[in-house]
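Listed below are the residues making up each chain.
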Amino acid sequence: MQERIKELVEILNKANIEYHMNDNPFLSDNEYDSLLDELFKLEKQYPEYILPDSPTHKIATEVISEFKKVTHPTPMFSLADVFNEDEVKDFIKKIEKEFPNSEYVCELKMDGLAVSLIYEKGIFKSAATRGDGIIGEDITHNVKTIKTLPLKLNKDVDLEVRGEIYMSKKSFEKVNDARLKDGLKPFQNPRNAAAGSIRQLDSSISRQRDLNIYLYHLPNSELTTHYENMQYIKQLGLPTNPNLTVAKNANEVLDYIDYWTKKRNTLPYEIDGIVIKVNNLAHQAELGSTVKYPKWAIAYKFPAVEVITKLRNITFTVGRTGQITPNAVLDPIKLAGSTVKRATLHNLDNIYHKDLRIGDYVYLRKAGDVIPEVVAPVIERRNGTEKILKMIENCPICHTKLIKSESQIDFLCPNVNCPARNIESLIHFTSRDAMNIEGLGEKILEDFYNIGIIKNITDIYNLYSKKDELIELEGFGNKSVQNLLRSIENSKHNSLERLLNALGIPGIGIKNARILAKRYENIDSLMNASVEELNKIDDIGPILANNISNFFDNPTNRIIIHTLKEIGVNMTYLGQKSLHNEYFSHKKFVITGTLSFIKRDQLKELLEKYDAKTSNSVSKNTDVVIVGADPGSKYEKALELNIEIWDEQKLKEILDSL
Ligand code: IVH
């Protein structure tokens, strides 16, 4: 029986691949169904023989109660965008300066959602979304349903591999037809449809949606080029996009871009650009990355789509710091796959500079994912009825007289009790990079604020006492209230950086919040830090140091923090604590040449643990240059600037002494 089960799994998996990946069905639907049925029955009878790669796992429905958060073993980067050929050439020039005659792998930029997969000993274990790049959400149950994704690799390897989940144009149409029939709103584009399908608790939905996947990145590879990585991914049996090419210079890269700009419509799926990656993995490592993007790759985005629509009105919104933003109210129009009704106009200068008038026809542009932009008025379509905007003098919400910001560009509502400011602060507090409270979206917070259920952030933690009242509200039920209260409760255990971001200290977003949380470890030490001390921290500087100090000196803020503490909101840093060492901590390092006993990435990671910084270029601010075999010009620069140099011997001694 065990043998037969094995045989059935093999035949059915092969049939699946031939059918879905190679367009080469060798079993009829009937044959396939009857073999699958046989396998089902045998597995039921002999559950001890169920194989990890059995196709029945793809069919079994799994319903989870929430998306678990997962920390990516290696952070998931996004890519820096470029929008024209010159920027592509600049990128290549920059690379060539450091590594002349480099090769570049050009790939299609799939318009889907990024996913990270984990295989253990060749068996599919889990899948997670990108999330904020550090922490994503577990979507294993849904990814398992993707027909072209093998549950078992051709080798028993441990692997972290990244790629894109996407929906073909054909499946997208099918899904939308069905939605229209059921009286549901159609998805705007295949990417939204794919994302909506993956964000389902019930895996039977994503199975019906017919999702697909291409893998394109191996974060921890022992090979020497990205091209070899891609061959390896393919050999393992994972689906890869066949349309990749290795280009030897800028011209070949531009040819590839040109070819696919013309041909993209012939593809069965949507792409939104071209990805260009340095082929040599050692060079990739040396180029490194910024906080968000690798420096060894870029995404060329296809040219923006432009349409004309009418600017009906200009309205104003109030941000959490009181900033007044003008917004265009537009005649709804389809643009690059979504319907646009509004667009930010940023500030008054922008409106007057572009000479936008109410009633104008305007050019509206969108480049890929970028938010729609009102480019300019269509002057020749003016008929004299267009009106120049007269700036409002009072806050549109609380009617307080507006003042000018320090920069003189923006207008501000100075009323700290302005409802709009308060609502925006609440929205910020609960948002994904802040306290990450699910179920308290913008609309709900606005409603709760207006009916008086939540007036300030501490009220959020008092919601449980209003449970009965909540259940009675329209759109709420027992279950959603329970989920909401659980999410609020969970947020009490967030690490300090989320709270610091959530508090809305001007200029302190999640990145700076992380730096502060790591450094001070608890809120009291941060509150006791002097401006001078804060000012000395890299990345903080005098303005932010003042903002932080002013924020914590403000009695209202102190009361809020005190109350949150009493409620049980965690105020300590829970992430990896940084270590301290006189050789490393708070110093700036540059690494050059090949290191023989430690990988460059490992060394960088280690240095970061000690709160040291690494950079790619030597300057007078560099503290130490670590020099391996065959160092480049950085070594000479270090000598020239008289910067401390460690050779491998010295590095090894220090590391051994840790
Ligand atoms: S490589 C560290 N290759 O585009 C490098 N990304 O705008 C990781 N994408 O987050 C990305 N096709 O979701 C890479 N062939 C491709 C891609 C691709 C689509 C997506 C990916 C990424 C986003 C960046």
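Residues numbered from 1 in each chain as written. Predicted model: local features only at pLDDT ≥ 70, side-chain atom pairs only at ≥ 80, totals over all residues. Heavy atoms only, no water.

> What is the right way to read the sheet that holds strand E8 (residues 212–217) from this model?
Backbone-to-backbone hydrogen bonds join strands into a sheet, with any given pair of strands oriented parallel or antiparallel. A sheet is described by the order of its strands in space; here 4 strands give the open sequence E5-E4-E7-E8, paired in antiparallel fashion. Pairing within the sheet leaves two strands with one partner each, and these edge strands are strand E5 (123–129) and E8. Direction aside, the axes of adjacent strands within the sheet are offset by 35° on average. Of the pairings in the sheet, the one linking strand E4 (residues 113–120) to E5 comprises 6 bridges and is antiparallel in character. Residue Ser 116 lies in a different strand from E5, and its bridge partner there is Ala 128. The sheet contacts of helix H9 (residues 226–235) involve strand E7 (159–166) and E8, and relative to E8 the element is tilted by about 145°. (Pairing = 2+ DSSP bridges. Helix = DSSP H or I, 4+ residues; strand = E, 2+ residues; numbered from the N terminus. Axes fitted to C-alpha atoms, helices over the stretch in contact; angles between N-to-C directions. Contact = heavy atoms within 4.5 Å.)

> What's the story with the packing of aromatic side chains in this structure? I'm lost.
To describe a pair of aromatic rings, you give the distance between the ring centres and the angle between the ring planes. Counted by the stated rule, this structure contains 15 aromatic pairs. Geometrically, the ring pair formed by Tyr 259 and Trp 260 is edge-to-face, given 5.1 Å between the ring centres and 85° between the ring planes. Tyr 259 sits in the partly exposed class, given a relative accessible area of 45%. Take Trp 260: its relative accessible area is 9%, and that puts it in the buried class. Where Phe 589 meets Trp 646, the ring centres are 5.4 Å apart and the plane angle is 70°; that geometry is what we call edge-to-face. Here Trp 646 lies in strand E24 (residues 644–647) and Phe 589 lies in strand E21 (residues 588–592), a separation of 57 residues in the sequence. Classification of Phe 589 as buried rests on a relative accessible area of 0%. Through a chain of ring-to-ring contacts, three or more aromatic side chains come together here, namely Tyr 583, Phe 584, Phe 589, Tyr 610 and Trp 646. Between the NZ or CZ atom of Arg 179 and the centre of the ring of Phe 187, over which it lies, the distance is 4.2 Å. (Phe/Tyr/Trp six-rings, centres within 6.5 Å; stacked < 30°, edge-to-face > 60°. Buried < 20%, exposed > 50% of the residue type's maximum accessible area, 1.4 Å probe, protein only. Lys NZ or Arg CZ within 6 Å of the ring centre and 35° of its normal.)

> How should the pattern of salt bridges be read in this particular structure?
Two side chains of opposite charge can pair, provided their charged atoms sit close to one another. In total, this model carries 33 salt bridges according to the counting rule given. Salt-bridge contacts for Arg 191 lead to Asp 111; the nearest nitrogen and oxygen are separated by 2.7 Å. Residue Arg 191 is found in helix H7 (residues 190–198), and its partner Asp 111 is found in the loop between strand E3 (104–110) and E4; the two are separated by 80 residues along the sequence. Assessed through its relative accessible area of 23%, Arg 191 is described here as partly exposed. The exposure class assigned to Asp 111 is buried, which follows from its relative accessible area of 14%. Across the salt bridge formed by Lys 443 and Asp 447, the nearest N and O atoms sit 3.1 Å from each other. A residue pair is termed a helical-turn pair when its members lie 3 or 4 positions apart in one helix, as Lys 443 and Asp 447 do in helix H14 (residues 442–450) at 4 residues. Judged by its relative accessible area of 55%, Lys 443 falls in the exposed class. Salt bridges sharing common partners tie together Lys 69, Glu 137, Arg 199 and Glu 438. (Salt bridge = Lys/Arg side-chain N within 4 Å of Asp/Glu carboxyl O.)

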